[in-house]
Amino acid sequence: MPVPPAALATAPLPPLPHWESVPADLPGAIRQVKAALRARIAASGRTVEDVFSVAEQRVSAEVDEILAARQRGEAIWPVIDYADIEAGAVPADALARLRRRGCLVVRGHFDHDQALAWDSDLVDYVESNAFFENYRGPGDDFFSAVGSRPEIYPVYWSAPQMQARQSDRMARVQAFLSRQWKHDSEGVAWFDPDRDALYPDRIRRRPPGADSGGLGTHLDPGTLELWMTQAYQKAFRHLFDGTVEQYDPWDAAYRTAGPQYPGTTMCSAFRTFQGWTALSDMDHDQGVLHTVPIPAAMACLMLRPLLADVPEDDMCGVTVNQVFPAGERWHPLLMRALSGIPDVRAGDSVWWHCDLIHSVAPVRDQRGWGNVMYIPAAPWCPRNREYAASVREAFRTGSSPADFPGEHYERGWSNRFAASDLNATGRRGLGLE
Ligand SMILES: [Fe+2]
């Protein structure tokens, strides 16, 4: 006689095998973890199909809403004025939309003229150091599709980048965004929303007339470690223990200390939001960023590989050392919600929850420049504190940060941002005080 689900749910669930570094036998480990996840879900009294369908219905309602809004001609991306964030006066409905969509444009984050001046200072910075003459081509696989002309500049330590990273305006927006997360739960403070780790990243300068193939739909939070390490198995615990209804994409529990599997596309830091600041005006149809603006879609992405139609040693294409792909083959419902940013002006910033599927649209014969500084929100937590040690060293020597290809163009550039130019936010972000 079958045991009623309620009785099963109170019994301890079977533990999951875990690999704190990349397993030697990857297909074998995938088969093993999938079997164990299914067994755990079954022991909770539910089926994988049932759990996936709960996650899918939640997402499906959001997709319908997005399609209807698009039909009505409404903008999909929420927009909030920087002035409202600074004044602590963000309207409740704007806040609700940010939480619902998981992405945001901050209007007027920096003055238009300030952003344009930073852009031209960046040009001076690279030209004064003969960057174009010495450029050796793309240093990693991920961006190699963009061509041999530099579009992504592997520079990290210019004055404009550091000025933006340590500015009060940046700190305020980062804190506002990180506070959307539940950072204090299960009796643990998972991160400090009011202190950012200044995660150094590159810049992009895409010139007028450029042709670009863009970047396909993908995610950045990690790869197989999301299923295979103990910390992430706990972070996604509700998906695997029969309580899928309680899955909260804004809960930082167990996400800020665990290991990442190494790879050329890895991000060592925990980012609440990815982001960039526009250094040129950009129209919405000029090869811009798109997202699937549904934070809870992560539940579908995590559960989909467990369904019976996916080969046993396949995680819907997710594997180490490559970005986490998400596309039509396994996620056609999600792809329908893919939505681009509105027109932005230099000085606006663009943000998306770290689990959102995103892409960069292709463009031919681009109108105007497409220039950005990548600056995410990476609040202080064990993972980011640990990475900050290597960032401090990279800052001191002008090296490429450890997450990026070791190109080290700036080591001999004398006009990079100096330690004496750091303010209190900069020093705190680098862990210097
Ligand atoms: Fe990405």
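Residues numbered from 1 in each chain as written. Predicted model: local features only at pLDDT ≥ 70, side-chain atom pairs only at ≥ 80, totals over all residues. Heavy atoms only, no water.

Colleague: Please clarify how helix H6 (residues 112-128) should be interpreted in this entry.
Modeller: Owing to its 3.6 residues per turn, the α-helix aligns residues three or four sequence positions apart on the same side. Between its first and last C-alpha, H6 extends 24 Å over 17 residues, near the 24 Å set by a 1.5 Å rise per residue. Buried residues of H6: Ala115, Trp118, Asp119, Leu122, Val123, Tyr125 and Val126, and no others. End-on, the buried residues of H6 take up no more than an arc of 160 degrees, which puts them together on one face. Against the buried residues of H6 lie helix H7 (131-134), strand S3 (152-153), helix H8 (159-165), strand S7 (203-206), strand S9 (273-278) and strand S15 (370-374). Ala130 sits one or two residues past H6 and shows a positive phi near 50 degrees. (Helix = DSSP H or I, 4+ residues; strand = E, 2+ residues; numbered from the N terminus. Expected span 1.5 Å × (residues − 1). Buried < 20%, exposed > 50% of the residue type's maximum accessible area, 1.4 Å probe, protein only. Arc of directions from axis to C-beta. Contact = heavy atoms within 4.5 Å.)

Colleague: Explain the pairing of strand S8 (residues 215-219) here, please?
Modeller: By the bridge criterion, two bridges tie S8 to strand S14 (residues 358-360) in an arrangement that is antiparallel. Within S14, the position partnered with Leu215 by the bridge is Val360. (Pairing = 2+ DSSP bridges.)

Colleague: How should I be thinking about the coordination of the iron ion in this particular structure?
Modeller: The expected angle between donors at a tetrahedral four-coordinate metal is 109.5 degrees. At an octahedral six-coordinate metal it is 90 or 180 degrees. Bound to the iron ion on the protein side are His218 (NE2), Asp220 (OD), Asp220 (OD) and His358 (NE2), at distances that span 2.1 to 2.6 Å. With four donor atoms in place around the iron ion and angles of 53 to 131 degrees between them, the coordination shape is irregular. Read from N- to C-terminus, the donor residues coordinating the iron ion fall into the pattern H-x1-D-x137-H. (Donors = N, O, S within 2.8 Å, 3.2 Å for Na, K, Ca; no water. Tetrahedral: all angles 85-135°; square planar, octahedral: opposite > 155°, others 65-115°.)

Colleague: What should I look at first to understand the side chain of Arg195 in this one?
Modeller: As for its position among the elements, Arg195 is in strand S6 (residues 192-196). No salt bridge is formed by the buried Arg195, whose closest oppositely charged neighbour, Asp192, lies at an N-O distance of 6.0 Å. Among the polar contacts made by the side chain of Arg195, one reaches the main-chain carbonyl oxygen of Arg428 at a distance of 2.8 Å. In contact with Arg195, not counting residues within four places along its chain, are Pro379, Trp380, Arg428, Gly431 and Glu433. (Lys, Arg positive; Asp, Glu negative; His and termini not counted. Salt bridge = Lys/Arg side-chain N within 4 Å of Asp/Glu carboxyl O. Polar contact = N/O pair within 3.5 Å; in protein donor to acceptor, adjacent residues only side chain to side chain.)

Colleague: What am I meant to see in the packing of aromatic side chains here?
Modeller: Tallied over the entire structure, the rule returns 22 aromatic pairs. Judged by centre distance (5.8 Å) and plane angle (85 degrees), the ring pair of Phe132 and Tyr153 falls under edge-to-face. One end of the pair, Phe132, is in helix H7; the other, Tyr153, is in strand S3, with 21 residues separating them in the sequence. Owing to a relative accessible area of 36%, Phe132 belongs among the partly exposed residues under this scheme. Within the aromatic cluster, the residues linked to one another by ring pairs are Tyr125, Phe131, Phe132, Tyr135, Tyr153, Tyr409 and Trp413. (Phe/Tyr/Trp six-rings, centres within 6.5 Å; stacked < 30°, edge-to-face > 60°.)

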